[in-house]
Amino acid sequence: MSVGSRFQKYQVIINFLVFINKVIPKKINKLFLVLFRNIPTPLGVLIRYVLLKNICLSVGKNLVVYEGVVFDSPETMSFGDNVSINPYCYLAGEIIIGDNVSIAHTTAFHSYNHTWNNPDLTINRNPLYSKKIIVKNDVWFGCNCIILSGVKIDNRTVVAAGSVVNKSLKSNSLFAGNPARFIKSI
Ligand SMILES: CC(=O)SCCNC(=O)CCNC(=O)[C@H](O)C(C)(C)COP(=O)(O)OP(=O)(O)OC[C@H]1O[C@@H](n2cnc3c(N)ncnc32)[C@H](O)[C@@H]1OP(=O)(O)O
């Protein structure tokens, strides 16, 4: 049985755990998310689901987060239904993900960039800024992709393994490469 279908079977219990967990402040839940990051098995998936439900802007049904996934600022993220995030992905900043999105291993989303406008400061002392990443519905990211700030990825898109996405991607298409280029309609 897949983790997603087990989720459906135990939905009532899961909702109860989410409800109980609401008494714990967001900050503590964020700390727990780090502590429970590397727990494998469906138990780890369940713990991370309950924590993220109470940290993120919104989380739909069946968010499956495998071990080793790093969330930097999860309180600025939102996930739809049936989203899976495979091991060792990295998500940072303002990220809005729709329904039925599959993110394969070691893919990274970065909504932050450094500025370098103040020449009296080193680049790492110049402020960061964030531009929201938006992923619509029915999108598959192959492993080891990098998604950069401000891009919007439209419905039913495939992003091939190892792609670097620096511009928005249109729907019903396969994109691949660095930078990700249109390959074909799907
Ligand atoms: C949760 C999970 O998802 S776990 C599974 C994780 N799996 C992966 O990450 C694998 C991801 N798979 C890929 O990237 C595959 O290459 C796919 C699915 C995109 C291939 O799709 P296909 O429709 O078979 O495309 P096909 O292999 O015919 O390639 C079409 C063109 O795109 C290019 N292309 C395909 N994949 C890539 C890639 N990753 N990077 C660069 N170019 C690529 C091909 O070289 C080809 O170019 P050409 O026409 O100039 O020869």
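Structure report, in brief. Note that the coordinates shown come from a computational prediction; the quantities given were computed from them, not determined experimentally.

## Observations regarding the overall build of the protein chain
At step 1: A tally of regular secondary structure across the protein chain gives four helices and 19 strands.
At step 2: Taking 186 residues into account, the globule formula puts the C-alpha radius of gyration at 16 Å, and the protein chain, at 17 Å, falls close to it.
At step 3: Here the protein chain, with 186 residues, has 40% of them falling under the buried criterion.
At step 4: For the protein chain, long-range pairs separated by at least 24 residues make up 26% of all intrachain contacts whose partners lie at least 6 apart in sequence.
At step 5: Accessible surface computed for the protein chain: about 9,800 Å², of which carbon and sulfur atoms make up 60%.
At step 6: Put simply, the protein chain has 20 plus and 9 minus side-chain charges, and the middle of one group is 3 Å from the middle of the other.

## Thoughts on the packing of helix α2 (residues 11–21) against helix α4 (residues 41–53)
At step 1: Closest axis-to-axis distance for the α2/α4 pair is 9 Å, and the angle between their directions is 50°. It follows that α2 is oblique to α4 by the angle criterion. Remark: the crossing between α2 and α4 carries right-handed chirality. Where α2 abuts α4, its residues Gln 11, Ile 14, Leu 17, Val 18 and Asn 21 lie against Leu 46, Tyr 49, Val 50, Leu 51 and Lys 53.
At step 2: Here the residues of the contact of α2 with α4 sort into seven nonpolar, two polar and one charged.

## A short note on the pairing of strand β18 (residues 173–176)
At step 1: In the sheet, strand β16 (residues 157–159) pairs with β18 via three bridges, with the strands oriented parallel. Of the residues in β18, the one forming a bridge with Val 158 is Leu 174.
At step 2: In terms of strand pairing, β18 meets strand β19 (residues 181–185) through four bridges, oriented antiparallel. From the neighbouring strand, Phe 175 faces β19, where its bridge partner is Phe 182.
At step 3: Connecting the antiparallel pair β18 and β19 is a turn made up of four residues, with Gly 177 showing a positive phi of about 100°.

## Structural notes on the sheet that holds strand β3 (residues 70–72)
At step 1: Reading across the sheet, the five strands line up as β3-β6-β9-β14-β17 and stay open at both edges, with parallel pairing between neighbours. Edge positions in the open sheet fall to β3 and β17 (164–165), since each of these has one partner strand only.
At step 2: Alignment of strand β14 (residues 146–147) against β17, held across two bridges, turns out to be parallel. Of the residues in β17, the one forming a bridge with Ile 147 is Val 165.

## Details of the site of the ligand
At step 1: If you check the shell around the ligand, you find 14 residues, and the closest are Asn 86, Trp 140, Cys 143, Ala 161 and Lys 184.
At step 2: Contacts to the ligand include Ala 161, whose backbone N or O atom sits 2.8 Å from a nitrogen atom.
At step 3: Between Lys 184 and the ligand, the recorded distance is 2.6 Å, taken from a side-chain N or O atom to an oxygen atom.
At step 4: Taking 980 Å² as the accessible area of the ligand by itself, protein coverage stands at 44%.
At step 5: When contributions to the shell around the ligand are tallied by element, the ones reaching two or more residues are β18 and β19.
At step 6: Class assignment for the residues of the shell around the ligand results in eight nonpolar, five polar and one charged.

## Remarks on α2
At step 1: Among all positions in α2, only Gln 11, Ile 14, Val 18 and Asn 21 are buried. In an axial view of α2, the angular spread of the buried residues amounts to 85°, which keeps them on one side of the axis. Counted as exposed and oriented over 90 degrees from the buried face of α2: Val 12, Phe 16 and Phe 19.

Criteria and thresholds
Residues numbered from 1 in each chain as written. Predicted model: local features only at pLDDT ≥ 70, side-chain atom pairs only at ≥ 80, totals over all residues. Heavy atoms only, no water. Helix = DSSP H or I, 4+ residues; strand = E, 2+ residues; numbered from the N terminus. Rg over C-alpha atoms; globule rule 2.2 N^0.38 Å. Buried < 20%, exposed > 50% of the residue type's maximum accessible area, 1.4 Å probe, protein only. Contact = heavy atoms within 4.5 Å. Areas by Shrake-Rupley, 256 points an atom, 1.4 Å probe, with all protein chains shown as cover. Lys, Arg positive; Asp, Glu negative; His and termini not counted. Charge placed at Lys NZ, Arg CZ, Asp CG, Glu CD. Axes fitted to C-alpha atoms, helices over the stretch in contact; angles between N-to-C directions. Parallel < 35°, antiparallel > 145°, perpendicular 65-115°, else oblique. Left-handed = near helix turned anticlockwise from the far one by under 90°. Nonpolar A, V, L, I, M, F, W, Y, C, P; charged D, E, K, R; others polar. Pairing = 2+ DSSP bridges. Near = heavy atom within 4 Å. Polar contact = N/O pair within 3.5 Å; in protein donor to acceptor, adjacent residues only side chain to side chain. Arc of directions from axis to C-beta.

All quantities given are derived from atomic positions and should not be read as evidence of function.
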